[in-house]
Every structure is written in structure tokens, then in C-alpha cells.
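# A closer look at the structure
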Amino acid sequence: MSTNAPRPPLSDDDFELLRIERDAGVVFATIDAPPINVMTPPLFRELAKFSAHVADDDSVRVVVLRSDNPDFFIAHFDVEAILGFPTEGTAERPTELRGFHAMCERYRTMPKATIVEIGGRVGGGGSELSMSCDMRFGALDRTVINQMEVPIGILPGGTGTQRLPRLVGRGRAMEVILGGVDLDARTAEQWGYLNRALPADELRPFVNELAHRIAKFPPQAVALAKQATNAADEMPLREGLFEEQYLFQRLMRTPEARPAMEQFLALGGQTRDGEMRVAELVAEISTD
């Protein structure tokens, strides 16, 4: 975890387009950019600012992005803004991540669980941000995913061509990217874009419960388990196994590990009755 001095808590006063709520280690950021939550440059800057803050805030265990607009999570990146991007001179290949890519990568790599609640449509840059987070949950008959860039003459330039094939496979990614088609929630769940597609009235309670569940677990275990899992995308298998072993050894040396394992056994772990309800049992372990 970060060794930086504690930051003052985020609040609504820090943002115009995000509403911030903190609850027991979970920070909820609700996007509020009517009428359709287009990702304008100001919204992008606020999402980037939010990510930089929570990434270094040791009191934050889980980050949830959501919208209260029943029809839109984030429509897409602002096309009017894209029309103003500079085009003078020749295209250049970057040597480091900047701007939108850097923001998305921060959500992917920060030592917190990042969850996206997609209650309506998400497209373009909104979809790219969603794919950069750890988990995505949607609403049946409401959630729709679209990458609309190719039909308007560009390509998904905010990580989409790299994230989507890794989630759903090359052929399915080509269908979404080249076809500019809508992907419904049930199909998105079957393809692996969404972790789950839930009835609309069950979506928020499910995300809330999962976020608070993760926030109760030892924060170093969450952070390093995420780091080890990310290694599966970043390293060949052999090097990934070395990374996993190394991070496991680091966790074994943290002050939370032994007490948590001892509590597990005391609560009935490794007994028949305890193992029959192991998911409930581990939630009873206290890390305070």
C-alpha cells in the first residue's frame, strides 16, 4: 500500500460531475453529467483526478463507478472534442502512456478493487474505462455496450482495441468494433464482458454487497492478489508463476495474515460444516 501521508477525504465539493460517497472502506463515484453522461474533457479530468486520489488513499479498499441515469452509464467520449484534436504533422508512436490511456491504466493497476455498475448504455470511451476496471456488472434489458468509433471514421483509441479482445476474444471483439453493433447484457455476460447480468432492481444491491464484502478483507491481500492476477495479462506463464510465489511470500509476512488464518480455523474452517458454508465463513473473519 502507499506510504504517502493520508489525503483529506474526497467530497462532492471536489467535483462538479461526480458525486462522492464513502462508506466503510468503499468509495462510490456516481457520474452525473446530464443529459446522457457524455465523457467530455471536464468529465475525463474529474475521473482522472478521482483515480489519482483514491489510488494513494490507504483508507480506500474498493472503488465503485456508477450512474443514477437509468439509460446511460457513459454514452461515449465527446465527439465534438475529438473533432478539435490536433492533426497537424504526421502521426507519432508514443513511448509512454499518457492522457486517457494513463487514466485507464491507473484504474486497472491501483491496489484497490475497482468495480463498474453499468445500469444503462455504455459506449466508446465509457466502455474502455469500464473494461480497464476489475469487474463489470450490468442490468438485464437495460445495459447495452457499443463501440461506435469505426462507423464514424476512427477506431477505439482509449484502450478498446486492446482490452476488448482480451475480454471476449478476437472474433467477438471484431464484431463489436468493426460492426459498431449493440451488445445486450445477456450476450455481454456470456461473452465475458460482464461478470454478471442481473435484473435491474438487483444490480445495485448486488454491487453494494460485493464491494463491502471485499472492503472487509485484509487490504494487502486484496492489493497483491490483484497484482498477481494482472500478471496473467502482462507476463508469460513461467514468469507469472514466479510473481505469484513472490507475492504469496510477501503476504505471509504481513501482520494480518496469521491472525486471519487462525480466525478461519477457529470459526470452523477445515471442518465439514465450515467448508459447506465457506463463503459465508470467511466473511465473518475480522481484520480490525
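For the structure, see preceding data.
Let me sum up the structure you'll find in this document. Keep in mind that this is a model prediction, so the values were computed, not measured.

The subject of this paragraph is the pairing of strand β2 (residues 26-31). With 6 of 6 residues buried, β2 is to be regarded as a mostly interior element. What you see with β2 is no split at all: V26, F28 and T30 on one side and V27, A29 and I31 on the other are buried throughout. Examined bridge by bridge, strand β1 (residues 18-23) and β2 share 6 bridges and lie antiparallel to one another. Paired with D23 across the strands is V26, a residue of β2. Hairpin geometry of β1 and β2 is characterised by an intervening segment of 2 residues between the two adjacent antiparallel strands and by a positive phi of about 55° at A24. When β2 meets strand β3 (residues 62-67), the two strands line up parallel, connected through 6 bridges. Residue pairing across strands places T30 opposite R66, the latter belonging to β3. The handedness of the β2 to β3 crossover, carried by helix α1 (residues 41-55), is right-handed.

Now for the sheet that holds strand β8 (residues 144-146). Remark on secondary structure: sheet strands pair via backbone hydrogen bonds, oriented parallel or antiparallel. Ordered by their spatial adjacency, 4 strands build an open sheet running β4-β6-β8-β9, and the pairing between neighbours is mixed. Of all strands in the sheet, those with a lone pairing partner are β4 (72-74) and β9 (183-184), marking the two edges. Pairing of β4 with strand β6 (residues 121-123) involves 2 bridges; the strand directions are parallel. Note that in β6 the partner of F72 across the bridge is R121. Packed on one face of the sheet, helix α4 (residues 124-132) meets β4, β6 and β8 and runs near 90° to β6.

Quick look at the sheet that holds β1 now. Strand order in the open sheet formed by 6 strands is β1-β2-β3-β5-β7-β10, with mixed pairing between adjacent strands. Since the sheet does not close on itself, it has two edges, and those belong to β1 and β10 (196-198), each with one partner. Neighbour-to-neighbour, the strand axes of the sheet open up by a mean angle of 20°, direction not taken into account. Bridging between β3 and strand β5 (residues 113-118) involves 4 bridges; their strand directions are parallel.

The subject of this paragraph is the environment of Y107. Relative to the assigned elements, Y107 resides in helix α3 (residues 99-109). Sequence separation of Y107 and F50 is 57 residues, and the distance between their C-alpha atoms is 10.0 Å. Setting aside residues up to four positions removed in sequence, Y107 forms contacts with L47, F50, S51, L65, T114, L129, S132, C133 and K226.

Once that is clear, we can look at helix α5 (residues 160-168). Since the α-helix packs 3.6 residues into each turn, any two residues three or four apart lie on the same face. Considered for burial, the residues of α5 that qualify are G160, R163, L164 and V168. Looking down the long axis of α5, one finds its buried residues gathered within 100° of arc, a one-sided arrangement. Count one or two residues on from α5 and you reach G169, which has phi positive near 95°.

This part takes up the packing of α3 against α4. At a closest axis distance of 8 Å, the pairing of α3 and α4 adopts a crossing angle of 35°. Across from F100, M103, C104, Y107 and R108 in α3, the residues of α4 making contact are G125, E128, L129 and S132. Broken down by class, the residue content of the contact of α3 with α4 amounts to 5 nonpolar, 2 polar and 2 charged.

A cluster of nonpolar side chains, V150, L155, M174 and L178, forms an exposed patch at the surface whose accessible area comes to about 350 Å². With respect to the element layout, L178 can be found in helix α6 (residues 170-179).

M39, L47, F50, L65, M103, Y107 and Y193 are the most contacted members of the largest nonpolar core, which totals 49 residues. Tallying contributions element by element places α1 first for this core, with 7 residues. Apart from residues lying up to four places away in sequence, F50 is in contact with L10, F15, L18, I20, V27, A29, V63, L65 and Y107.

Here we come to the packing of aromatic side chains. Here the structure, examined in full by the defined rule, presents 5 aromatic pairs. Members of the aromatic cluster, joined through ring pairs, are F44, F77, F85 and F100. Looking at K49, its charged tip hangs above the ring of F15, at a distance of 5.0 Å from the centre. Positioned over the ring face of Y193 is R136, at 5.8 Å from the centre of the ring.

Across all of its chains, the model carries 15 salt bridges by this definition. A salt bridge links R142 to D71; the shortest N-O distance between them is 2.8 Å. Of the two residues, R142 is situated in the loop between β7 (135-139) and β8 and D71 in the loop between β3 and β4; the sequence distance between them amounts to 71 residues. Measuring nitrogen to oxygen at the nearest pair gives 2.5 Å for the salt bridge that ties R108 to E234. Remark: E234 occurs in helix α9 (residues 219-234) and R108 occurs in helix α3; sequence separation between them is 126 residues. By relative accessible area, which is 12% here, R108 ends up buried.

What counts and how
- Residues numbered from 1 in each chain as written.
- Predicted model: local features only at pLDDT ≥ 70, side-chain atom pairs only at ≥ 80, totals over all residues.
- Heavy atoms only, no water.
- Buried < 20%, exposed > 50% of the residue type's maximum accessible area, 1.4 Å probe, protein only.
- Helix = DSSP H or I, 4+ residues; strand = E, 2+ residues; numbered from the N terminus.
- Pairing = 2+ DSSP bridges.
- Right-handed = clockwise from strand over helix to strand, strands pointing away.
- Contact = heavy atoms within 4.5 Å.
- Axes fitted to C-alpha atoms, helices over the stretch in contact; angles between N-to-C directions.
- Arc of directions from axis to C-beta.
- Nonpolar A, V, L, I, M, F, W, Y, C, P; charged D, E, K, R; others polar.
- Patch = residues over 30% accessible without salt bridge, like charges linked within 9 Å, V, L, I, M, F, W, Y side chains within 5 Å.
- Areas by Shrake-Rupley, 256 points an atom, 1.4 Å probe, with all protein chains shown as cover.
- Salt bridge = Lys/Arg side-chain N within 4 Å of Asp/Glu carboxyl O.
- Core = buried A, V, L, I, M, F, W, Y, C linked by side-chain atoms within 4.5 Å.
- Phe/Tyr/Trp six-rings, centres within 6.5 Å; stacked < 30°, edge-to-face > 60°.
- Lys NZ or Arg CZ within 6 Å of the ring centre and 35° of its normal.

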